[in-house]
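These are the residues of each chain, in order.
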Amino acid sequence: MMEKPQIITACTHLLFIAKNIERAGDQATNIAEIAYYVIEGRPMKDARPKRDDTAFARASKDEQPHPDQQDSAS
């Protein structure tokens with residue numbers, strides 16, 4: 001962005017759009033969990049699975065990869 005300062009505003013807008021889409025997804029999930037509780041009369045047993053594994057980034061080559069990662073470890 002430093003090479004093209006004229007795109008900073010557009011990129012900032014894209015960041016806010018991504019944040020708001022994530023919030024909408026979280027709210028839809030909360031609504032689905034409430035609907036499940038109303039229909040079933042009990043909360044969901046298991047935690048929701050997360051498909052985003054970026055939080056499991058390896059700090060070193062010696063660490064084992066996250067079980068959901070499909071790429072091969074070096």
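Please refer to the structure higher up on the page.
A few points on the structure. Please read all numbers here as calculations on a predicted model, not as lab measurements.

**Quick notes on the overall build of the protein chain**
So, point 1. Looking only at helices and strands, one finds one helix and zero strands in the protein chain.
So, point 2. In the protein chain, buried positions account for 1% of the 74 residues.
So, point 3. Accessible area of the protein chain: about 7100 Å², with a carbon and sulfur share of 58%.

**Quick look at the pattern of salt bridges**
So, point 1. Counting across every chain of the model gives one salt bridge.
So, point 2. Glu 40 serves as the salt-bridge partner of Arg 42, at 3.7 Å between the closest nitrogen and oxygen.
So, point 3. We classify Arg 42 as partly exposed; its relative accessible area is 34%.
So, point 4. For Glu 40, a relative accessible area of 41% corresponds to the partly exposed category.

**Some points on helix α1 (residues 8–40)**
So, point 1. Across its 33 residues, α1 extends 48 Å between first and last C-alpha, which sits within 8% of the 48 Å expected from 1.5 Å per residue.
So, point 2. Of the residues one or two after α1, Gly 41 is the one with positive phi, at around 80 degrees.

**Comments concerning a nonpolar patch on the surface**
So, point 1. A surface patch of nonpolar side chains, about 480 Å² in accessible area, is lined by Ile 34, Tyr 37, Val 38 and Ile 39.
So, point 2. Within the secondary structure, Ile 34 sits in helix α1.
So, point 3. In this structure Ile 34 comes out as exposed when scored by relative accessible area, which is 55%.

Thresholds, definitions, all that
- Residues numbered from 1 in each chain as written.
- Predicted model: local features only at pLDDT ≥ 70, side-chain atom pairs only at ≥ 80, totals over all residues.
- Heavy atoms only, no water.
- Helix = DSSP H or I, 4+ residues; strand = E, 2+ residues; numbered from the N terminus.
- Buried < 20%, exposed > 50% of the residue type's maximum accessible area, 1.4 Å probe, protein only.
- Areas by Shrake-Rupley, 256 points an atom, 1.4 Å probe, with all protein chains shown as cover.
- Salt bridge = Lys/Arg side-chain N within 4 Å of Asp/Glu carboxyl O.
- Expected span 1.5 Å × (residues − 1).
- Patch = residues over 30% accessible without salt bridge, like charges linked within 9 Å, V, L, I, M, F, W, Y side chains within 5 Å.

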